[in-house]
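Here is how the chains run, residue by residue.
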Amino acid sequence: MRMRVCIASLAVSILFAAILFAGGKGSTVNAQQAPPAIEVKIDNFSFGPAAITVPVGTTVTWTNRDDIPHTVVSDDKVFKSKVLDTEEQFSYTFSRPGTYPYFCSVHPKMTGKVIVQ
Ligand SMILES: [Cu+2]
């Protein structure tokens, strides 16, 4: 009977330790940085900035600030947006390093580049 009480109090101690540990872990998560994100504006038939260099894991969001529809299409078909009307957005998360040239399929002279390191 005495042994059981001892085990029970030990279990309670472990439970408290676990709660404290979980609490500490929670505050560490809060301190972590949000995943990197960057915005490219589409305006006046151009991507701005036209070339960007970002770390792996970055989400790039293109926003059409033009009053003309545009698309964002990777040369290598890695990503492809639908036709974006004014103020519409397209996002892609780059999980692998490399150079990703892209263009607007409506106006192929519009080009840009994302370099992922
Ligand atoms: Cu276009």
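What you are looking at is a predicted structure, and each value in this text was computed from that prediction instead of being measured.

Calculation notes
Residues numbered from 1 in each chain as written. Predicted model: local features only at pLDDT ≥ 70, side-chain atom pairs only at ≥ 80, totals over all residues. Heavy atoms only, no water. Core = buried A, V, L, I, M, F, W, Y, C linked by side-chain atoms within 4.5 Å. Buried < 20%, exposed > 50% of the residue type's maximum accessible area, 1.4 Å probe, protein only. Helix = DSSP H or I, 4+ residues; strand = E, 2+ residues; numbered from the N terminus. Contact = heavy atoms within 4.5 Å. Pairing = 2+ DSSP bridges. Donors = N, O, S within 2.8 Å, 3.2 Å for Na, K, Ca; no water. Phe/Tyr/Trp six-rings, centres within 6.5 Å; stacked < 30°, edge-to-face > 60°.

A. Region of the structure containing the nonpolar core. Formed by 18 residues in total, the largest nonpolar core has its most connected members in Phe47, Trp62, Val72, Phe79, Phe94, Tyr102 and Val114. Listing elements by their share of this core, those giving two or more residues are β1 (37-43), β3 (51-54), β4 (59-64), β7 (98-103) and β8 (111-116). Once residues within four sequence positions are removed from consideration, valine 114 is found in contact with Ile52, Val54, Val60, Trp62, Phe94, Gly98, Thr99, Tyr100 and Tyr102.

B. Spotlight on the pairing of β4. The buried count for β4 comes to 5 of 6 residues, which makes it a mostly enclosed element. Here 6 bridges tie β1 to β4, and the two strands are oriented parallel to one another. Its bridge partner being in β4, alanine 37 is matched across the sheet by threonine 59. In terms of strand pairing, β4 meets strand β6 (residues 89-93) through 5 bridges, oriented antiparallel. By the bridge assignment for β6, threonine 61 is matched with serine 91.

C. Geometry of the coordination of the copper ion. Distances from the copper ion to its protein donors, namely His70 (ND1), Cys104 (SG) and His107 (ND1), fall within the range 1.9 to 2.2 Å. Between consecutive donors of the copper ion, the numbers of intervening residues give the motif H-x33-C-x2-H. Note that histidine 70 is positioned in the loop between β4 and β5 (73-74) and cysteine 104 in the loop between β7 and β8, a separation of 34 residues in sequence. Each member of the pair, histidine 70 as well as cysteine 104, carries the same accessibility label: buried.

D. Region of the structure containing the packing of aromatic side chains. The tally for this structure, following the rule as stated, stands at 10 aromatic pairs. Measuring from ring centre to ring centre gives 5.6 Å for phenylalanine 79 and phenylalanine 94, while their planes differ by 85°; the resulting arrangement is edge-to-face. Remark: phenylalanine 94 occurs in the loop between β6 and β7 and phenylalanine 79 occurs in the loop between β5 and β6; sequence separation between them is 15 residues. By relative accessible area, phenylalanine 79 is classed as buried at 3%. What makes phenylalanine 94 buried here is its relative accessible area of 1%. What links up through ring pairs into an aromatic cluster is the set Phe47, Trp62, Phe79, Phe90, Tyr92, Phe94, Tyr100 and Tyr102.

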